[in-house]
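# Working through the structure, step by step
Here is how the chains run, residue by residue.
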Amino acid sequence: MSISAIHEWRENNFLVSTDREKLDVPAIYQYLTRSTWAKGIDLDIVSASIDNTLSFGVYQNESQIGFARLITDYSTFAYLCDVYILEEFQGEGLGRWLIECIHKHPVFVKLRRIMLFTTTAPWLYEKLGYAPVNKENGAWAITRPDIYLK
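For clarity, every value in this text was computed on a predicted model and none was experimentally measured.

Broken down by element type, the chain carries 4 helices and 6 strands. For the chain, the sequential pattern of α-helices and β-strands runs β-β-α-α-β-β-β-α-β-α. For 150 residues, the compact-globule formula gives about 15 Å, and the C-alpha radius of gyration of the chain, at 15 Å, lands near that figure. With respect to the principal axes defined by its C-alpha atoms, the chain has extents near 45 × 40 × 30 Å. Relative to its full complement of 150 residues, the chain shows a buried share of 39%. If you take every contact in the chain between residues at least 6 apart in sequence, the share linking residues at least 24 apart comes to 55%. In the structure as shown, the chain presents an accessible area of about 9,300 Å², 50% of it carried by carbon and sulfur atoms. Counting 15 positive and 18 negative side-chain charges, the chain places the averaged centre of each group 7 Å from the other.

Listed below in structure tokens is the structure:
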């Protein structure tokens, strides 16, 4: 399997795709810069982060309405991040569907460990098999939440 292969899933008039050509980077940037986790992020950083990850766009017709990406070595580990569905489309099950599509991706199905850090929608991730890391000293991090605001 090629790591650059495009994978797509359709439901009603929605599409989840790994096709980088479809990604609306300015729209992703616009959302991330106002998000709670990447407030103030620079467009160049968003572009570089997309270039270096396995990205999933969510579309209604031709318009991007959601996004997620996996930072991965494509064999054993991934970090799921930057997951969002635009506010006007929330409550329709699209966030759950996006995560389900990611879980079906050929890279994802063979990974030994997938990490996620979130303060939003933990109930969604728990329903989809994620569990909090609660082993003492099992997870370590350097956290700089205001780095893009300097």
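From this point, the discussion proceeds with the structure in view.
Here we take up the pairing of strand β2 (residues 14-17). Here β2 shows a buried face lined by F14 and V16 and a second buried face lined by L15 and S17. Where strand β1 (residues 8-11) lies against β2, 4 bridges are found, and the strand directions are antiparallel. Each residue of the ladder has a partner; that of E8, found in β2, is S17. Between β1 and β2, which pair antiparallel one after the other, the connecting turn spans 2 residues, and N12 there sits at a positive phi close to 55 degrees.

Turning to the sheet that holds strand β6 (residues 113-116), a few remarks are in order. Read from one edge of the open sheet, 6 strands run β1-β2-β3-β4-β5-β6, paired in mixed fashion. Of all strands in the sheet, those with a lone pairing partner are β1 and β6, marking the two edges. Within this sheet the neighbouring strands show an average axis-to-axis angle of 20 degrees, counted without direction. Alignment of strand β3 (residues 54-60) against strand β4 (residues 63-72), held across 7 bridges, turns out to be antiparallel. Counted as the bridge partner of S55 is R69 from β4. Sitting on the sheet, helix α1 (residues 25-32) touches β4 and β5 (77-85), and the angle it makes with β5 is about 85 degrees. Running at roughly 155 degrees to β5, helix α3 (residues 94-104) makes contact with β1, β2, β3, β4 and β5 of the sheet.

So, on to the packing of α1 against helix α2 (residues 43-51). Put simply, α1 and α2 touch, their axes get as near as 10 Å, and they point 115 degrees apart. Note that α1 runs across α2; the crossing there is right-handed. Where α1 approaches α2, its residues V25, I28, Y29 and L32 are matched on the opposing element by L43, V46, S47 and I50. For the contact of α1 with α2, the residue count by class is 7 nonpolar, 1 polar and no charged.

Calculation notes
Residues numbered from 1 in each chain as written. Predicted model: local features only at pLDDT ≥ 70, side-chain atom pairs only at ≥ 80, totals over all residues. Heavy atoms only, no water. Helix = DSSP H or I, 4+ residues; strand = E, 2+ residues; numbered from the N terminus. Rg over C-alpha atoms; globule rule 2.2 N^0.38 Å. Buried < 20%, exposed > 50% of the residue type's maximum accessible area, 1.4 Å probe, protein only. Contact = heavy atoms within 4.5 Å. Areas by Shrake-Rupley, 256 points an atom, 1.4 Å probe, with all protein chains shown as cover. Lys, Arg positive; Asp, Glu negative; His and termini not counted. Charge placed at Lys NZ, Arg CZ, Asp CG, Glu CD. Pairing = 2+ DSSP bridges. Axes fitted to C-alpha atoms, helices over the stretch in contact; angles between N-to-C directions. Left-handed = near helix turned anticlockwise from the far one by under 90°. Nonpolar A, V, L, I, M, F, W, Y, C, P; charged D, E, K, R; others polar.

Such coordinate-based values are descriptive only and should not be taken to indicate function.
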